[in-house]
Amino acid sequence: MSSTATSLNESLNFQQLKIVKDSRKQMTFWFLVISLLLMCVSSLSIGAMPISTGQTLAILADLVGLQLPWEFSFSQETVITSIRAPRLMMALLIGSVLAVSGAAMQGLFLNPLADPALMGISSGATLAAVAVIVLEATILHEFSVWMGAFSLPISAFLGGFLATLLVYHFALNKGRSDVSSLLLAGIAINALTGSITGLLIYTANDEQLRTITFWTMGSLSGISWSQVITGLPFFLSTLYFLPKFSRALNALLLGEAEAGHLGFPVERVKLLVILLVALGVGASVSFAGIIGFVGLVVPHLLRLWFGPDHCSLLPCSALLGALLLLLADIFARTLVSPAELPIGIITGILGGPFFLWLLRRQRIAGGH
Amino acid sequence: MIVNTNRLSILGIFLFSVIYVLTAEATENTAPSPVIKKKSQRIISLGGDITEIIYALDAEKQLVGVDTSSLWPESVKSLPQVGYFRALSAEGLISLSPDMLIMSDAAGPESVLEQVESTGISSVKIKTSKTAKGVIDKINQVAIALSKPDAGITLNKKIISEFKQLKQSKKQWQQPPPRVVFLFSVSKGSLMVSGSNTAANAMIEMAGGINVVTEYSGYKPINNEALIAASPDFILLTGNTLKMMGGLEKIINLPGLTLTPAARQKNIIVMDTLYLLGFGPRTGKAALELSQQLHPETREKTQ
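Analysis parameters
- Residues numbered from 1 in each chain as written.
- Chains lettered and ligands numbered in written order.
- Predicted model: local features only at pLDDT ≥ 70, side-chain atom pairs only at ≥ 80, totals over all residues.
- Helix = DSSP H or I, 4+ residues; strand = E, 2+ residues; numbered from the N terminus.
- Contact = placed C-beta atoms within 7 Å.
- Core = buried A, V, L, I, M, F, W, Y, C linked by C-beta atoms within 7 Å.
- Buried ≥ 20, exposed ≤ 12 C-beta atoms within 10 Å, placed from the backbone.
- Domains from an automatic or database assignment.
- Axes fitted to C-alpha atoms, helices over the stretch in contact; angles between N-to-C directions.
- Parallel < 35°, antiparallel > 145°, perpendicular 65-115°, else oblique.
- Left-handed = near helix turned anticlockwise from the far one by under 90°.
- Nonpolar A, V, L, I, M, F, W, Y, C, P; charged D, E, K, R; others polar.
- Arc of directions from axis to C-beta.
- Pairing = 2+ DSSP bridges.
- Right-handed = clockwise from strand over helix to strand, strands pointing away.

Further remarks concern the overall build of chain A. Along the backbone of chain A there are 15 helices and zero strands. The principal-axis extents of the C-alpha atoms in chain A amount to approximately 80 × 60 × 35 Å. Across chain A, contacts joining residues at least 24 apart in sequence account for 78% of those joining residues at least 6 apart.

Rendered as structure tokens:
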């Protein structure tokens, strides 16, 4: 009699816990949506050029034919519509893609430290970008003339994608790829591309070196609508399709064999998730260079807050990632204005100490 | 119901007054001030050599911003900095409300320049090459962009006379020409040596010397033995490098240098970075000074 009572009690507690967690997830989701909207408006009205929130709203209203009582100049309108707005869109897309990809990779590798860089995306893209910067005038001259301004983004994208495929290829064993061989292949490819990049950097001149340095620290400067539109299919496919693997990733938390027994085609899930991550992160690297820490910190934080359920982890990661990158971009644009800081520096400064704090807290709580 | 309509009207009045205050404030802030547009244009200079030329043409009052490579003259450091000229920010440039950008042909990124131009700010790209003729061309282009062609001609006359003086002293130069190594350091302990295809190489040749390291292009760290084998007669370096390396004594005693003729005879020439390598309006003077250092025979006669 008493034993049934305790089990009932326990299950009630469990129910309560689940409800608490669920409402927590819901609250987090809507909180993030609202803060993101607010952040969008402030991002549009903050910058080197003084434009008030009222003027920002008036310029936006003017686009749809409404008149608001705030006056604005032509150059203010241009700054909003063709500089800040495309930049805002790109920050939203890249921030969310990086965070979702980070969450998915951490789920796939069952490792909270995993991020897209592990699969060679960043190092492959860096190699290709450095090659274009250094060899633009010599070996790759015709290519860069032919591709024009797109030679750097396209090669970076292809470089990242190719490196990821190589890692996957080398990790395959009889049609199966286990996590540890993926990791090792990733480390090997990273080392190899890193060395070739080093070789290219050795032959670079001063100006190329500085361009490379700035590229590896990431920047959203000079983003135009045409770049946003070019990147949109890549970003949206990652953002749309990756969350569809939430349940498979949840099953993978139990282990690969268990997920297979639950009816998930583990190998296909792995390949598709890796491809989607390479697609989205590759595109973001190609437009904005290397932006670290978003993919690592954001999913981690949310997992601590409401647990590892990917069904809410992935969408919330997207929102928080976008929010974080938007905030970082505001700092990047305004801290040293009229010059600009590389955004990778800001995400590192915001993310690094926070991550350390997280690590300590986790250890105190008796986690791993 | 009555209460509700009351509440609504209070809310309405409140909203109306908020909007009214904000509008008043906004129109006050942005009303165009009745100042007649002045003739002189506001200029942002992107490139240390170009900034130097703008100063030499007495147009520095028009400058509203410069890039991080603009370091000379000293007063340029009080102007707003728009960042490195190859990693510019569109909004930063626009916020200084310039009429024109005058920039080196390496400035970018291209998308940023396009965004700036789309707001009606004009931009002039200056073609550069590391020769005497390139300097004169550069000054002409900047003078035309500033609508000061006369000042450009006057400045060029002075520079051409310096180059002529250099050409005349050529006859007295001893053969074979002195062998020179250019050292460059941006951080403590890492020493780089100029190969071919650098501003240092061009200046050494202009001043009648031979750059001993031409196996590679650009500035790279070099093997000590190769440096000894190259046996330079002169060591050329910039003031910053001297400071980084910790003084003349330290440089003479570096393993790769201590056995060279240059170090044994203490033939070390120190010149300011932008003066020596900038290829701006001081290039003629710098080349002349360097040639007199490399050829003591000409120095004695002119003095």
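Moving on from the coordinates now.
Okay, the nonpolar core next. Ala104 of chain A together with Val142, Val181, Phe182 and Met203 of chain B are the most contacted members of the largest nonpolar core, which totals 182 residues. With 19 residues, the top contributor of residues to this core is helix H3 (residues 74–109) of chain A. Both domains that furnish three or more residues to this core are identified here as domain 1 (43–167) and domain 2 (173–302) of chain B. Look past the residues within four positions of Val142 of chain B in its chain and what remains in contact with it is Ile50, Ile53, Ile54, Leu57, Ile102 and Ile126 of chain B.

Below, the discussion takes up the packing of helix H13 (residues 294–306) of chain A against helix H14 (residues 310–334) of chain A. Residue and element names in this part refer to chain A. Remark: H13 packs on H14, axes separated minimally by 9 Å, with the N-to-C direction vectors making an angle of 130 degrees. Between H13 and H14, the crossing angle belongs to the class labelled oblique. Relative to H14, H13 is oriented so that their crossing is right-handed. Along its contact with H13, which presents Val294, Val298, Pro299, Leu302, Arg303 and Phe306, the element H14 presents Ser312, Leu313, Cys316, Ser317, Leu320, Gly321, Leu324 and Leu325.

Moving on: the interface of chain A and chain B. Frequently, the measure chosen for interface size is the accessible area that the parts lose on association. Each partner contributes residues to the interface: chain A has 32 residues there, and chain B has 32 residues. Here the residues of the side of chain A that touches chain B are counted per class, giving eleven nonpolar, 15 polar and six charged.

Residues of helix H4 (residues 110–117) of chain B that are buried include every one of Val112, Leu113, Gln115 and Val116 of chain B, and no others. Axial view of H4 of chain B: buried residues confined to an arc of 160 degrees, hence all on one face.

Moving on, we come to the packing of helix H4 (residues 121–135) of chain A against helix H8 (residues 206–216) of chain A. Residues and elements named next belong to chain A. Where H4 contacts H8, the two axes come as close as 10 Å, and the packing angle between them is 155 degrees. One element, H4, and the other, H8, form an angle in the roughly antiparallel class. Note on packing geometry: the crossing formed by H4 with H8 is right-handed. Contacts between H4 and H8 involve Thr126, Ala129, Val130, Ile133 and Val134 from the first element and Gln208, Thr211, Ile212, Trp215 and Thr216 from the second. Among the residues forming the contact of H4 with H8, the class breakdown is six nonpolar, four polar and no charged.

Geometrically, the link from Ser337 of chain A to Pro338 of chain A is a cis peptide bond, its omega value of 10 degrees lying close to zero. Along the chain, the position of Pro338 of chain A falls in the loop between H14 and helix H15 (343–364). Backbone torsion omega between Trp72 of chain B and Pro73 of chain B reads -5 degrees, so that peptide bond is classified as cis. Turning to its location among the elements, Pro73 of chain B is positioned in the loop between strand S2 (63–66) and helix H3 (90–95). Backbone geometry at Leu110 of chain A places phi at a positive 50 degrees, although glycine is not the residue there. Among the secondary structure elements, Leu110 of chain A is positioned in the loop between H3 and H4. Within the chain, Ser97 of chain B stands out as a residue other than glycine whose phi angle is a positive 35 degrees. Tracing the backbone shows Ser97 of chain B in the loop between H3 and strand S3 (100–104).

Here we take up the environment of Gly47 of chain A. Residues and elements named next belong to chain A. Relative to the helices and strands, Gly47 resides in the loop between helix H1 (2–45) and helix H2 (53–63). By C-beta crowding, Gly47 is classed as buried, having 22 other C-beta atoms within 10 Å. Distance from Gly47 to Ala332, taken between C-alpha atoms, is 9.7 Å for residues 285 residues apart in sequence.

Let us look at the sheet that holds strand S1 (residues 43–46) of chain B. Residues and elements named next belong to chain B. Reading across the sheet, the four strands line up as S2-S1-S3-S4 and stay open at both edges, with parallel pairing between neighbours. Both outer strands of the open sheet, S2 and strand S4 (122–126), are each paired with one neighbouring strand and no more. With direction set aside, neighbouring strand axes in the sheet form an average angle of 20 degrees. Note that S1 and S3 share four bridges and pair parallel. Note on S3: the bridge partner recorded for Leu46 is Met103. Strands in contact with helix H2 (residues 48–56) are S1, S2, S3 and S4; relative to S1, the strand with the most contacts, it is inclined by about 135 degrees.

All names here are of chain B. The element strand S9 (residues 234–238) is largely enclosed, with a buried count of five among its five residues. A two-sided burial pattern is seen for S9, the buried positions comprising Phe234, Leu236 and Thr238 on one face and Ile235 and Leu237 on the other. Judged from the four bridges that link them, strand S5 (residues 179–187) and S9 form a sheet pairing that is parallel. By the bridge assignment, Val181 is partnered in S9 with Ile235. Direction of pairing for S9 relative to strand S10 (residues 268–271): parallel, over a ladder of four bridges. Counterpart to Thr238 in the pairing with S10 is Met271.

This brings us to the domain arrangement of chain B. Residues and elements named next belong to chain B. Assigned domains of chain B: these are domain 1 (43–167) and domain 2 (173–302). Each of domain 1 and domain 2 was reduced to a C-alpha centroid, and the two centroids are 28 Å apart. At the interface, 19 residues of domain 1 touch 14 residues of domain 2. Among the secondary structure elements, those contributing two or more residues to the side of domain 1 that touches domain 2 are H2, helix H5 (132–145) and helix H6 (149–169). Here the element with the most residues in the side of domain 1 that touches domain 2 is H6; it accounts for six residues. Grouping the constituent residues of the side of domain 1 that touches domain 2 by class yields eleven nonpolar, four polar and four charged.

All names here are of chain B. In this structure, Asn267 sits in the loop between helix H11 (261–264) and S10. Each C-alpha atom, one on Asn267 and one on Glu110, is 45 Å from the other, the two residues being 157 residues apart in sequence. Apart from residues lying up to four places away in sequence, Asn267 is in contact with Asp233, Phe234, Ile235 and Ala262.

All names here are of chain B. Covered by surrounding structure in S1 are Ile43 and Ser45 together with Ile44 and Leu46, the residues of both alternating faces. In terms of strand pairing, S1 meets S2 through three bridges, oriented parallel. Across the sheet, residue Ser45 finds its bridge partner in S2, namely Val66. Crossover connection from S1 via H2 to parallel S2: handedness right-handed.

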